[in-house]
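Remarks on the overall topology
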Amino acid sequence: MPKNQSTLEKMKTSGVVGVIRTKSSKKLLKVARAIKEGGVNCVEVAMTTPDALSVIEEVSQQLDDVLIGAGTVLDAETARAAILAGAEYLVSPTTDPEMIKLCKRYDKVVAPGAFTPTEIMEAWEAGADIVKVFPASRLGPKFISDVKAPLPQVSLMPTGGVSKDNASEFISAGADVLCVGSALLDKEAIANEDYNVLTENARELIEAVKKGRESR
């Protein structure tokens, strides 16, 4: 199995990608370990994070059992830098064909962003492994099932507004993976280094994903 397919399968098996924004690689390591304990083993480091490349490099070297990806990747140049730092998958809020092409060259999973059915299909036909539906908060789970009806072959990853309260609905509607930020990574808990809160959030999200899969 090609490496990117293996990565994609791991993402789909987990069902949840935790989006982390922190300038401290030390703190990110603790956060990643906490959510891993709760069942979430995919972590996305946003490129808007200060010194994001160094964070990706350090975390990818120290956490063998966690998939590290880069988010908010807007072009091929940034994608290449993130890949060389250790990112196994690249996520973008938009679709850039050159970025997709580069990810394919390096055999990495690429998840460009789209909002409408036309944009989703364009991203898929450009070579997306999975399409980031963003912002999902504006669309809701019903949009996912409406898109999957005519486009069952397209893998979708709703992002924005996903929480433990609606995660099962998104999965039941046909989403393959959920990108979750604040609903998983409580800022106050991180500031207070109360990592048990994150572990519990991760457990609840994974349970919601299982529930959603059972109701498909």
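To start, this report covers the structure provided alongside it.

Glancing now at the sheet that holds strand S5 (residues 109–111). Taken in spatial order, the six strands line up as S5-S4-S3-S2-S1-S9 in an open sheet, and their pairing is parallel. A single partner strand is all that each edge strand has here, and the edge strands are S5 and strand S9 (178–180). On average, each strand axis in the sheet is tilted by 25 degrees relative to the strand beside it, whichever way the strands run. Note: strand S1 (residues 16–20) against S9, three bridges, orientation parallel. Counterpart to Val-17 in the pairing with S9 is Cys-179.

A few words now on the state of the cysteines. In the structure shown here, the tally under the stated rule is zero disulfides. There is no disulfide at Cys-42, and the cysteine sulfur nearest it, in Cys-179, is 9.4 Å away.

Quick look at the sheet that holds strand S7 (residues 131–133) now. With parallel pairing, the three strands of this open sheet are ordered in space as S6-S7-S8. Two strands bound the open sheet, and with one partner strand each, they are strand S6 (113–114) and strand S8 (156–158). One ladder, built from three bridges, connects S7 with S8; its direction is parallel. Across the sheet, Val-133 pairs through a bridge with Pro-158, a residue of S8. Contacting S6, S7 and S8, helix H6 (residues 117–125) runs over the sheet at an angle of about 160 degrees to S7.

Note that side chains of opposite charge can pair when their charged atoms are close. Across all of its chains, the model carries nine salt bridges by this definition. Residues Glu-88 and Lys-108 are paired through a salt bridge, measuring 3.2 Å at the closest nitrogen-oxygen approach. Note that Glu-88 is positioned in the loop between helix H4 (76–85) and strand S4 (89–91) and Lys-108 in the loop between helix H5 (97–105) and S5, a separation of 20 residues in sequence. Per residue, the accessibility class of Glu-88 equals that of Lys-108, and both read buried.

What follows deals with H5. Of all the positions in H5, only Met-99, Ile-100, Leu-102 and Cys-103 are classed as buried. Seen end-on, H5 carries its buried residues on one side only, within an arc spanning 160 degrees. Turning to H5, the residues buried within the fold contact H4, S4, S5 and H6. Just downstream of H5 lies Asp-107, where phi reads positive at about 60 degrees.

On to the packing of helix H3 (residues 52–62) against H4, then. Contact pair H3 / H4: the axes reach a minimum separation of 8 Å and the direction vectors enclose 30 degrees. In terms of axis orientation, H3 runs roughly parallel to H4. The element H3 and its partner H4 pack so that their crossing is right-handed. Residues Leu-53, Ile-56, Glu-57 and Ser-60 of H3 lie in contact with H4, whose contacting residues are Ala-81, Ala-82 and Ala-85. Split by residue class, the contact of H3 with H4 holds five nonpolar, one polar and one charged.

With that settled, consider the side chain of Glu-44. Assignment of secondary structure puts Glu-44 in strand S2 (residues 42–46). It is Lys-132 that comes nearest to the buried, bridge-free Glu-44 among opposite-charge side chains, at 5.0 Å. Residues in contact with Glu-44, not counting those within four places in the same chain, are Val-17, Gly-18, Val-19, Ile-20, Gly-69, Ala-70, Gly-71, Thr-72, Tyr-89, Val-91 and Cys-179.

S2 sits mainly inside the fold: five of its five residues count as buried. Of the two faces of S2, both are covered, the one formed by Cys-42, Glu-44 and Ala-46 as well as the one formed by Val-43 and Val-45. The sheet contact formed by S1 and S2 spans three bridges and is parallel. Residue pairing in the sheet places Ile-20 in a bridge with Val-45 of S2. Across five bridges, S2 lies against strand S3 (residues 67–71) in parallel orientation.

Rules and cut-offs
- Residues numbered from 1 in each chain as written.
- Predicted model: local features only at pLDDT ≥ 70, side-chain atom pairs only at ≥ 80, totals over all residues.
- Heavy atoms only, no water.
- Pairing = 2+ DSSP bridges.
- Helix = DSSP H or I, 4+ residues; strand = E, 2+ residues; numbered from the N terminus.
- Axes fitted to C-alpha atoms, helices over the stretch in contact; angles between N-to-C directions.
- Disulfide = S-S within 2.5 Å.
- Contact = heavy atoms within 4.5 Å.
- Salt bridge = Lys/Arg side-chain N within 4 Å of Asp/Glu carboxyl O.
- Buried < 20%, exposed > 50% of the residue type's maximum accessible area, 1.4 Å probe, protein only.
- Arc of directions from axis to C-beta.
- Parallel < 35°, antiparallel > 145°, perpendicular 65-115°, else oblique.
- Left-handed = near helix turned anticlockwise from the far one by under 90°.
- Nonpolar A, V, L, I, M, F, W, Y, C, P; charged D, E, K, R; others polar.
- Lys, Arg positive; Asp, Glu negative; His and termini not counted.

In short, geometric facts, not functional conclusions.
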